[in-house]
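Residue-level structure breakdown
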Amino acid sequence: MKEKYLINARIIDPKNDMDEIGGLIIDSKGQIKDVGKKVANGNIPSDADKIDLKNHALIPGIVDMRVFVGEPGFEYKENFRTLSNAALSGGVTSVVSMPNTSPVIDNVSMVDFLKRRGRDKSLINIFPAATLTKNIEGRQMTEFGLLKRKGIIGFTDGIKTVQDPQVMSRIMNFAGQSDSLIMQHAEDNILSKNGLINEGEISTRLGLKGIPFLAEKIIVERDLSFLEEYFCRYHISQISSEKTISVIKKAKDEGKIFTTGVSINNLSLNENDIGDFKTFLKLSPPLRTENDRISLVKAVNDGTIDVIVSDHKPEDEESKRLTFSQAATGATGVETLLPLALELYHNKKVKLNKLVASITCNPAKILGINKGSLDKGNDADLCIFDIDKPWVVNKNELKSKSKNTPVEKRRMQGQILKTFVKGEALYERV
Amino acid sequence: MAVIKKLKAVKKEQNHLLGIQDLSFSQVSNILNQAKTFITLNKSESKKIDILRGKTQINLFFEPSTRTQSSFELAGKRLGADVMSMNIINSAIKKGETLIDTAMTLNAMHPDIIVIRHQDSGAPNLLSQKVNCAVINAGDGRREHPTQALLDALTIINRKGKVEGLKIAICGDILHSRVARSNIYLMNMLGAEVNVIAPKTLLPHSIERLGVKSFVDMKKGLDGCDIVMMLRLQNERMHGSFLPSAREYYEYFGLTPDKLNMAKKDALIMHPGPMNRGVEIDTNLADDINRSVIREQVELGVAVRMACLKIFCNKN
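Structural notes, computed from the coordinates. (Residues numbered from 1 in each chain as written. Chains lettered and ligands numbered in written order. Predicted model: local features only at pLDDT ≥ 70, side-chain atom pairs only at ≥ 80, totals over all residues. Heavy atoms only, no water.)

Time to look at the overall build of chain A. Looking only at helices and strands, chain A features 12 helices and 18 strands. Taking all 430 residues of chain A together, the buried fraction comes to 63%. The long-range share in chain A, meaning contacts at least 24 apart out of those at least 6 apart in sequence, stands at 76%. Of the roughly 16700 Å² that chain A leaves accessible, carbon and sulfur atoms contribute 47%. (Helix = DSSP H or I, 4+ residues; strand = E, 2+ residues; numbered from the N terminus. Buried < 20%, exposed > 50% of the residue type's maximum accessible area, 1.4 Å probe, protein only. Contact = heavy atoms within 4.5 Å. Areas by Shrake-Rupley, 256 points an atom, 1.4 Å probe, with all protein chains shown as cover.)

Here it is as structure tokens:
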């Protein structure tokens, strides 16, 4: 591979506190050789490729901590190849794949399968998560040590929460010793049983059973109590309500160490968007009130929330063309994660470096991977975008195999132009 | 793909009766005025006219129903329509067919009107997006039961002359009740003041935002009311820990002569049926011909449904 000189870029690397016009050199191994304003136009060797980025933004490739792939079992919804294409067009170069497949990822042999498929079919970096409990039943913990050694990045029951407090306390106790990352989907199953949308005026009007914010808050409170006794690497996958933010703030003030994520959906949409039973907006956690959304945005800006995820959950049209209560839960999002996040920047609600950190170095740090930054020697995983370019979402132009985008026809500002993985431009907008 | 696009292109803008929320005041007035003319017809010797002759009405009931289904069936027949009631128990839905596939199948038979009852809120809305005929909601989940509210309004108008300015109490399981929701919208629209009375566990979140006052003390809620609408309390509510027992419920939320005394002397008692005597209503009160208009509601129900069928069928 020839050396590549990416010049005239606005380089934003929150980990290294960098936001400057400059360049980036990719060496012959596809790694970052140098970066910053010192990489100027003048001294480019004649045998190197020169790519002029025309002052567009260059950030580390996005790390998305919550993505559902259909393999194995739901290949008709998404496979590694289609996911890769979708992710690349969204500037996402690393994803944590959720274990809610069929069969579920709860044993070592499944990890081998995933790694092989990921290697053969995927163009992006796949970091597989395994389940917290066998068969996602919430009873018997999986083999954290063995799975981790095989390459599992973290443990989560994905769309489910471990309900039994004794099981959860033991999981956290045990995870501590193997330094395993626990990613909890916080939802009390009994409080949210049969619930479809946020409990409130909209659920009353639509006649749909509500999911109270308490279902989330009570699990976060429980787990944070456990954390005091059983320290482990604990991450709350997604939160959705203002009340949960207060719990998290208080715990952080008390000195507890843990991290928190939020779905871009809960930052960009609210329960009113469900309108006349739009099943594409049936999500978990549910979209809540505008007040909740505003609080979540503030929490991203002030650092209470560490990570923004796409919660990319492809569902085929058939499983969405049903009544609201029968329809599948989830929306695609890996392709629209960055443009939607940029809305918060354009609206002056979140500082750009905070936004970029929440999708690059913050998740990388939680996961303990050498991604999400422009450190010298790192793989050159890069996302280059036009920060102002307006465009309109059209589901037929999205690359994901499933078309259940929650933001169809939405006007966006900010478009991905190029995505590099290991120094190669695998996506280029034409 | 091309075929589907073509179908979409020829699909006309339809008028459906999906809920009171979608109706304007003039549409409601039109339905009620039309229904008044059918009250007389329903009492006459020959009850059949032919304004819907040649039209096909399909009743699609996914939930068991006695009065609503027979009321719609009778209404259609009296207007001269060909009425078919689908028996869901034996149908393809039980074999796993989705609502949309069922809708497309029925649509191919060119019905003019589909009356649907479904356990899922929003099912009629979904159906209406997929068929080329008028859809009438006969009750969906806990969302709406528009014809019930319309017949309640007609009953009130029949007895009290108007709805405007009246004070109406709706009592019981508001949380699970589509009748309550439709009545709240309609009575508010017609200018009544609405109180809802229920134990807190059976009051939906933010119900006040729908324009009602909520009460947990039945006597306070009934104070000065012209109309007392009782709702059915389903037995399964006792199991979900919504309530401690039927006995406790009756003590605090059952309609008894003592509590009814708080309402106006000439207050009317209404109930959408079927009643649980001794659970939500004192059995003597239910049968008191001076106070209870429960049977009149059923009678006027046919007239209201005839009006709805006529208006929504002929618009298309």
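Here the narrative resumes.
A word on the interface of chain B and chain A. Contact with chain B, which involves 22 residues of that partner, is made by 16 residues of chain A. Our enumeration of links across chain B and chain A arrives at one salt bridge. One salt bridge connects Glu201 of chain A with Arg209 of chain B, and the closest N-O pair in it is separated by 2.7 Å. In this structure, the connection of chain B to chain A is made through nine residue pairs in polar contact (both at pLDDT 80 or more). Listing elements by their share of the side of chain B that touches chain A, those giving two or more residues are α4 (99-107), α5 (123-130) and α7 (178-189) of chain B. (Salt bridge = Lys/Arg side-chain N within 4 Å of Asp/Glu carboxyl O. Polar contact = N/O pair within 3.5 Å; in protein donor to acceptor, adjacent residues only side chain to side chain.)

Now for α5 of chain B. Residue and element names in this part refer to chain B. Burial runs high along α5: six of the eight residues are buried. Listed in full, the buried residues belonging to α5 are Ala123, Pro124, Asn125, Leu126, Leu127 and Ser128. Buried residues along α5 sit against α4, β3 (113-118) and β4 (134-140).

Turning our eyes to something else, we now look at the sheet that holds strand β6 (residues 193-197) of chain B. Residues and elements named next belong to chain B. Reading across the sheet, the five strands line up as β7-β6-β5-β8-β9 and stay open at both edges, with parallel pairing between neighbours. The sheet terminates laterally at β7 (213-215) and β9 (268-270), the two strands that pair on one side only. Looking at each pair of strands side by side, their axes are set apart by 20° on average, direction ignored. (Pairing = 2+ DSSP bridges. Axes fitted to C-alpha atoms, helices over the stretch in contact; angles between N-to-C directions.)

As a further point, take the pattern of salt bridges. Residues and elements named next belong to chain A. In this structure the tally under the stated criterion is 39 salt bridges over all chains. Linking Arg205 and Glu201 is a salt bridge whose minimum nitrogen-to-oxygen distance equals 3.0 Å. Note that Arg205 and Glu201 are positioned in helix α5 (residues 201-206) at a spacing of four residues, about one turn of the helix. On the basis of relative accessible area, Arg205 is assigned to the partly exposed category, the value being 25%. Salt bridges here are not isolated pairs; linked through shared partners, they connect Glu228, Lys250, Glu254 and Lys256.

Here we come to unusual backbone geometry. Residue and element names in this part refer to chain A. With an omega dihedral of -5°, the bond running from Glu71 to Pro72 counts as a cis peptide bond. By secondary structure assignment, the location of Pro72 is in the loop between β6 (62-67) and α1 (80-89). Backbone geometry at Asn8 places phi at a positive 55°, although glycine is not the residue there. Relative to the helices and strands, Asn8 is located in strand β1 (residues 4-13). Residues other than glycine seldom take positive phi values, yet Lys422 does so here, at roughly 50°. Checked against the element boundaries, Lys422 lands in the loop between β17 (411-421) and β18 (424-428). Classification of Lys422 as partly exposed rests on a relative accessible area of 40%.

By size, the foremost hydrophobic cluster in this structure holds 92 residues, and its most contacted members are Ile182, Tyr234, Leu267, Ile308, Leu338 and Phe385 of chain A. Ranked by residues supplied to this core, first place goes to helix α10 (residues 337-346) of chain A with six residues. Setting aside anything within four residues of it in sequence, one finds Ile308 of chain A in contact with Val262, Ile264, Leu267, Val300, Leu337, Leu355, Ser358 and Ile359 of chain A. With 88 residues, the next largest nonpolar core counts Ala35, Cys225, Leu285 and Leu300 of chain B among its residues. (Core = buried A, V, L, I, M, F, W, Y, C linked by side-chain atoms within 4.5 Å.)

All right, on to the environment of Ala364 of chain A then. All names here are of chain A. Its location among the elements puts Ala364 in helix α12 (residues 361-367). Each C-alpha atom, one on Ala364 and one on Ile51, is 27 Å from the other, the two residues being 313 residues apart in sequence. Ala364 has contacts with Val63, Ile369, Lys371 and Gly372, leaving out every residue within four places of it along the chain.

Residues and elements named next belong to chain A. With respect to the helices, strands and loops of the structure, Lys256 is situated in the loop between α7 (242-253) and β14 (259-263). Using a relative accessible area of 18% as the deciding quantity, one classes Lys256 as buried. In sequence terms Lys256 and Ile124 are 132 residues apart; their C-alpha atoms lie 34 Å from each other. In this structure, Lys256 is in contact with Leu224, Glu228 and Ala251, ignoring residues within four places of it in sequence. One polar contact links the side chain of Lys256 to the main-chain carbonyl oxygen of Leu224, over a distance of 3.3 Å.

Glancing now at the pairing of β3 of chain B. All names here are of chain B. In terms of residue burial, β3 counts as a mostly covered element, since six of its six residues are buried. Side chains Ile113, Val115 and Arg117 of β3 all project onto a buried face; the interleaved residues Ile114, Ile116 and His118 project onto the opposite face, where all are buried too. Strand direction decides the pairing type here: strand β1 (residues 56-61) and β3, joined by five bridges, are parallel. Counted as the bridge partner of Gln57 is Ile113 from β3.

Residue and element names in this part refer to chain B. Read from one edge to the other, the open sheet built from four strands follows the order β2-β1-β3-β4, with strand pairing classed as parallel. Across the chains shown, the open sheet's two edge strands, defined by having one partner strand only, are β2 (82-86) and β4. Each strand axis lies, on average, 15° off the axis of its neighbour in the sheet, ignoring direction. Of the strand pairs in this sheet, β1 and β2 are connected by five bridges, and their pairing is parallel. When the sheet's bridge partners are listed, Gln57 is paired in β2 with Val83. Lying on the sheet, α4 is in contact with β1, β2 and β3; it crosses β3 at an angle near 160°.

This part is about the packing of aromatic side chains. Residues and elements named next belong to chain A. Summed over the entire model, instances satisfying the criterion amount to six aromatic pairs over all chains. Residues Phe74 and Tyr76 carry aromatic rings whose centres are separated by 6.4 Å and whose planes lie at 70° to one another, so their mutual orientation is edge-to-face. Residue Tyr76 is classed as partly exposed on the basis of its relative accessible area of 47%. Ring centres of Phe277 and Phe324 lie 6.4 Å apart, and the angle between their planes is 65°; this geometry places the pair in the edge-to-face category. (Phe/Tyr/Trp six-rings, centres within 6.5 Å; stacked < 30°, edge-to-face > 60°.)

All names here are of chain A. The interhelical angle for the contact between helix α6 (residues 214-229) and α7, taken along N-to-C directions, is 15°, at an axis separation of 9 Å. Judged on the interaxial angle alone, α7 and α6 are roughly parallel. Handedness of the α6/α7 crossing: right-handed. Residues Glu216, Lys217, Val220, Glu221 and Leu224 of α6 pack against Lys243, Thr244, Val247, Ile248 and Ala251 of α7. (Parallel < 35°, antiparallel > 145°, perpendicular 65-115°, else oblique. Left-handed = near helix turned anticlockwise from the far one by under 90°.)

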